[in-house]
Amino acid sequence: MSQQLLNTTEAARFLGVSKAFLERDRWAGARIPFVKVGSRAVRYRQADLDTYIEQATRSSTSDRG
């Protein structure tokens, strides 16, 4: 079971957000799932990012999901 893992910079680029956005998200409770590799390395699964995008998709700015 091989899964594409992205570092914070790559994940931020993929989502079109800043690294700081992802760092704040992890600190505040992680709406976007991440993987800790070892004691310090943080990685994001490509599939989790795709799922996050699907769940965040709205049809209107007033749509709260």
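Our subject is the structure that appears above.
What you see is a predicted model; the values in this text were computed from it and never measured.

Thresholds, definitions, all that
- Residues numbered from 1 in each chain as written.
- Predicted model: local features only at pLDDT ≥ 70, side-chain atom pairs only at ≥ 80, totals over all residues.
- Heavy atoms only, no water.
- Core = buried A, V, L, I, M, F, W, Y, C linked by side-chain atoms within 4.5 Å.
- Buried < 20%, exposed > 50% of the residue type's maximum accessible area, 1.4 Å probe, protein only.
- Helix = DSSP H or I, 4+ residues; strand = E, 2+ residues; numbered from the N terminus.
- Polar contact = N/O pair within 3.5 Å; in protein donor to acceptor, adjacent residues only side chain to side chain.
- Contact = heavy atoms within 4.5 Å.
- Phe/Tyr/Trp six-rings, centres within 6.5 Å; stacked < 30°, edge-to-face > 60°.
- Pairing = 2+ DSSP bridges.
- Axes fitted to C-alpha atoms, helices over the stretch in contact; angles between N-to-C directions.

(A) Structural context of the nonpolar core. In terms of nonpolar packing, the biggest core is built from 9 residues, these being Leu6, Ala11, Ala12, Leu15, Leu22, Ile32, Val42, Tyr44 and Leu49. Only α1 (8–15) and β3 (41–45) provide two or more residues apiece to this core. Here this core takes 3 residues from α1, the largest share from any one element.

(B) Broad picture of the side chain of threonine 8. Along the polypeptide, threonine 8 turns up in helix α1. Accessibility expressed as a relative area gives 11% for threonine 8, which makes it buried. Of note is the side chain of threonine 8, whose polar atom sits 3.5 Å from the side chain of arginine 26. Threonine 8 has contacts with Lys19, Leu22, Arg26, Val42 and Tyr44, leaving out every residue within four places of it along the chain.

(C) Quick peek at the packing of aromatic side chains. By the definition in use, this model includes 1 aromatic pair. Pairing phenylalanine 34 with tyrosine 44 gives two aromatic rings, centres 6.5 Å apart and planes at 55°, and the pair type is tilted. Taken together, the residues phenylalanine 34 in the loop between α2 (19–28) and β2 (35–37) and tyrosine 44 in strand β3 connect sequence positions 10 residues apart. You can call phenylalanine 34 partly exposed: its relative accessible area is 32%.

(D) Representation of the sheet that holds β3 within the structure. The sheet built from 3 strands is open, its strands ordered β1-β3-β2 with antiparallel pairing. At either margin of the open sheet sits one strand with a lone partner, and together these are β1 (5–6) and β2. Examined bridge by bridge, β2 and β3 share 3 bridges and lie antiparallel to one another. Counterpart to lysine 36 in the pairing with β3 is valine 42. Where helix α3 (residues 46–56) meets the sheet, its contacts fall on β1 and β3, and the angle it forms with β3 comes to roughly 60°.

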